[in-house]
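Report on the structure
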Amino acid sequence: NAGVTQTPKFRILKIGQSMTLQCTQDMNHNYMYWYRQDPGMGLKLIYYSVGAGITDKGEVPNGYNVSRSTTEDFPLRLELAAPSQTSVYFCASKLGTEAFFGQGTRLTVV
Amino acid sequence: AQSVTQPDIHITVSEGASLELRCNYSYGATPYLFWYVQSPGQGLQLLLKYFSGDTLVQGIKGFEAEFKRSQSSFNLRKPSVHWSDAAEYFCAVGPQGSQGNLIFGKGTKLSVKP
């Protein structure tokens, strides 16, 4: 039981490039989330999903897209990377009221 | 508006000393309350949670927290801090039930000096 797995752990992007942050969970949780964490700002919700085929915007969705074709996977897509998207990204899944977090992806846009 | 306030950005305590991290929340209904810990380079790990009942809840690693409805607070405490407790701590609130999203505070970084 691996929990929530995020790949890659680190990535440097050039402005305007695109990439997908991968997130997989093996706990059969319906709820999944993407957060970004910036120094001194806590965690901000980007997108979330309440089940396969259903996604919704969080607090800071601009510049990102998600999909949820399966229960296990919840990839986050950056289409045109901008320096403001330099951050640490966390994926989480939830069973009942407890959320489980991945180890994060540190993204730098230069 | 729903929000979580952690007034202390950074706290330094001596090893063996007691610790209290403050958390205040603003929420329309009675929320579920959580404390998470994040070690450097790691994800968030749940320390403890409060749903209902006894307002003093015990968590992992010797932590406890007390829910005070009248003060809208959920402060985290530990009687004797260990060097391994150095980390960042996040308070979070969420709606009752399994639906809904967590709202996080900005975090308190704890440093432990020998």
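This one's a predicted model, so the numbers in the text were calculated from it and none came from an experiment. (Residues numbered from 1 in each chain as written. Chains lettered and ligands numbered in written order. Predicted model: local features only at pLDDT ≥ 70, side-chain atom pairs only at ≥ 80, totals over all residues. Heavy atoms only, no water.)

**Considerations on the pairing of strand β9 (residues 73–78) of chain B**
Residues and elements named next belong to chain B.
- Across the 6 residues that make up β9, a large majority, 5, are buried.
- Looking at chain direction, strand β3 (residues 19–21) and β9 are connected through 3 bridges and run antiparallel. Considered in β9, the bridge of L19 is made with K78.
- With 5 bridges joining them, strand β8 (residues 64–68) and β9 adopt antiparallel strand pairing. What sits directly across from F67, in β9, is F74.
- Here β8 folds back onto β9 in antiparallel fashion, the turn holding 4 residues, of which S72 has a positive phi close to 50 degrees. (Buried < 20%, exposed > 50% of the residue type's maximum accessible area, 1.4 Å probe, protein only. Helix = DSSP H or I, 4+ residues; strand = E, 2+ residues; numbered from the N terminus. Pairing = 2+ DSSP bridges.)

**Digging into the state of the cysteines**
All names here are of chain A.
- This structure, assessed with the given rule, holds 2 disulfides over all chains.
- Between C23 and C91 runs a disulfide, and the two sulfur atoms are separated by 1.8 Å. In this structure, the disulfide formed by C23 and C91 twists by about -70 degrees around the S-S bond and is classed as left-handed. Separated by 68 residues along the polypeptide, C23 in strand β3 (residues 19–25) and C91 in strand β9 (residues 87–95) bring together distant segments of the chain. (Disulfide = S-S within 2.5 Å.)

**Side note on the layout of surface pockets**
- The calculated volume of the largest pocket comes to roughly 710 Å³.
- Lining the largest pocket are 34 residues, with Q37(A), V88(A), R106(A), Q38(B) and E88(B) positioned closest to its centre.
- Looking at the lining of the largest pocket, the elements with two or more residues in it are β4 (31–38), β9 and β11 (105–109) of chain A together with β10 (87–94) and β12 (108–113) of chain B.
- Of all the elements, β11(A) adds the most residues to the lining of the largest pocket, at 4 residues. (1 Å grid on protein atoms, 1.4 Å probe; cavity = no way out; pocket = protein on both sides within 12 Å on 5 of 7 lines; lining within 4 Å. Points joined across faces, edges and corners; volume = space filled by probe spheres on them.)

**A look at the interface of chain B and chain A**
- If you look at the interface, chain B gives 21 residues, while chain A gives 19 residues.
- At the boundary of chain B with chain A, total buried surface from both sides reaches about 1600 Å², with 53% on carbon and sulfur atoms.
- Along the contact surface separating chain B from chain A lie 1 salt bridge.
- Where chain B packs against chain A, one counts 4 residue pairs in polar contact (both at pLDDT 80 or more).
- Mapped by element, the contributors of at least two residues to the side of chain B that touches chain A are β5 (32–38) and β6 (44–50) of chain B.
- Ranked by the residues each element gives to the side of chain B that touches chain A, the list is headed by β5(B), at 4 residues.
- Grouping the amino acids of the side of chain B that touches chain A by side-chain chemistry returns 9 nonpolar, 10 polar and 2 charged. (Contact = heavy atoms within 4.5 Å. Buried area = accessible area lost by both parts, 1.4 Å probe. Salt bridge = Lys/Arg side-chain N within 4 Å of Asp/Glu carboxyl O. Polar contact = N/O pair within 3.5 Å; in protein donor to acceptor, adjacent residues only side chain to side chain. Nonpolar A, V, L, I, M, F, W, Y, C, P; charged D, E, K, R; others polar.)

Treat this as a map of the structure, not an account of what it does.
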